[in-house]
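In case you want the letters, here they are:
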Amino acid sequence: MINYLDFWNLSKPPFDAGPDPVFFFESRSHGEALARLMYFTGDRAMGIAALTGEIGAGKTLTLQVLSQRLRPDIYRQVMVFTSTGSREHVLSEINRQLKGGGQCKDDPLDPAGLVIEFHRLLREKIIASGRHLLVVLDEAQFMDETCLDTLKCLTNPLSSCASPVSLILAGQPELKAKLKSLPQVYQRLGLIYHLGHLARDEIAPYVRHRLSIANTARFEVLDEKGIDLLFEFSRGCPRQINRVCKLAVDRACLLQRTTIDDSMLKLIIDDFAKQFA
């Protein structure tokens, strides 16, 4: 039986889960998010930014694209993608990445000691090299008030100089409410942006984009009814689109078709609904 990658002439799976920056699609919302984050990091004096979005909207992917576009001779990046632990855990992970290695038995474990260690590393690893530190914390909606307040203090100016630290908090929509309930953090936000889903007219270009990046020919793979079904099911959420299209390209291969029509999509979407009924 022919493999769907061979049938579609694909070099890699185009709809697999996981934030692969090569597949980044610059929709209106994603393009705006990236542009704002580039402005924030370029300014280097805005302190804290917040990027929110629904599950599967593409926050982590957008952050990874941002990371790739920053010059390593200007920025040192620390990225914590599971910011669900205690403030001690988060501070320890930031320090570990700054050191470029694992933990050692002499590392401090208490919050005060970890902050002192952070400032020592900041002087030695960042300020001494003339770079700026960008700390990105994903899933920030899980952080408690104490953790967020401690992280906010990491961006405080040092003596008469501007802070060499910028912080990006990314998370689900409830992060906005959490930040607003903490004036000491909310008033320090230099930027906040909510990442929206794809519009209906972006669905087909999104699918074509992922297929073309995976090295297939450029052709129409969705009919109008199929686009309507996909948009109705996904509401423009990229992760939901990927779930359906991953199965659709495989089914199209089995049927020896190079168009994903509405009947294929309806079958897949109805099966999802049936399994969760």
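Going by the structure above, here's the rest.
This write-up is about the structure you can find in this document. (Residues numbered from 1 in each chain as written. Predicted model: local features only at pLDDT ≥ 70, side-chain atom pairs only at ≥ 80, totals over all residues. Heavy atoms only, no water.)

Here the focus is the packing of helix H10 (residues 224-234) against helix H11 (residues 238-254). Running from N to C, H10 and H11 cross one another at 130°; their axes reach a closest spacing of 9 Å. In terms of their interaxial angle, H10 and H11 are classed as oblique. Between H10 and H11 lies a crossing whose hand is right-handed. Between H10 and H11, the contacting residues are Leu230, Phe233 and Ser234 on the first element and Gln240, Ile241, Arg243, Val244 and Cys245 on the second. Looking at the contact of H10 with H11, its residues break down into 5 nonpolar, 2 polar and 1 charged. (Axes fitted to C-alpha atoms, helices over the stretch in contact; angles between N-to-C directions. Helix = DSSP H or I, 4+ residues; strand = E, 2+ residues; numbered from the N terminus. Parallel < 35°, antiparallel > 145°, perpendicular 65-115°, else oblique. Left-handed = near helix turned anticlockwise from the far one by under 90°. Contact = heavy atoms within 4.5 Å. Nonpolar A, V, L, I, M, F, W, Y, C, P; charged D, E, K, R; others polar.)

To continue, consider the sheet that holds strand S1 (residues 48-53). One open sheet holds the 5 strands; their spatial order is S2-S3-S4-S1-S5, and the pairing between them is parallel. The two strands at the open ends of the sheet, each matched to only one other strand, are strand S2 (75-80) and strand S5 (189-195). Taken over all neighbouring pairs, the strand axes of this sheet differ in orientation by 15° on average, direction set aside. Direction of pairing for strand S3 (residues 132-137) relative to strand S4 (residues 165-171): parallel, over a ladder of 5 bridges. Paired with valine 136 across the two strands is isoleucine 168, which belongs to S4. The strands touched by helix H2 (residues 28-43) are S1, S2, S3, S4 and S5; relative to S5, the strand with the most contacts, the crossing angle is about 165°. Sitting on the sheet, helix H5 (residues 111-127) is in contact with S2, S3 and S4, with an inclination near 130° to S3. (Pairing = 2+ DSSP bridges.)

This paragraph deals with the pairing of S2. With 5 of 6 residues buried, S2 is to be regarded as a mostly interior element. Relative to S3, S2 is paired through 6 bridges, and the arrangement is parallel. Looking at S3, one finds that valine 80 is bridged to leucine 137. (Buried < 20%, exposed > 50% of the residue type's maximum accessible area, 1.4 Å probe, protein only.)

Inspection of the secondary structure puts threonine 155 in the loop between helix H6 (145-153) and S4. By relative accessible area, which is 5% here, threonine 155 ends up buried. Considering only alpha carbons, one finds threonine 155 and phenylalanine 25, 130 residues apart in sequence, at a separation of 31 Å.

Here we take up the layout of surface pockets. The volume enclosed by the largest pocket comes to roughly 530 Å³. Together, 31 residues line the largest pocket, and Gly18, Pro19, Gly56, Gly58 and Arg239 are the ones closest to its centre. Contributing elements (two or more residues each) for the lining of the largest pocket: helix H3 (59-69), helix H9 (203-213) and H11. Here the residues of the lining of the largest pocket are counted per class, giving 13 nonpolar, 9 polar and 9 charged. (1 Å grid on protein atoms, 1.4 Å probe; cavity = no way out; pocket = protein on both sides within 12 Å on 5 of 7 lines; lining within 4 Å. Points joined across faces, edges and corners; volume = space filled by probe spheres on them.)

Looking now at the pattern of salt bridges. Scanning all chains against the criterion turns up 14 salt bridges. With a shortest N-O distance of 3.8 Å, arginine 28 and glutamate 202 are connected by a salt bridge. Taken as a pair, arginine 28 in helix H2 and glutamate 202 in the loop between S5 and H9 lie far apart in primary sequence, 174 residues in all. Residue classification places glutamate 202 among the buried positions, given a relative accessible area of 7%. With a shortest N-O distance of 3.4 Å, aspartate 149 and lysine 152 are connected by a salt bridge. On the criterion of helical spacing, the pair formed by aspartate 149 and lysine 152 is a turn pair, its members being 3 residues apart in helix H6. (Salt bridge = Lys/Arg side-chain N within 4 Å of Asp/Glu carboxyl O.)

Nothing here speaks to function; it is geometry throughout.
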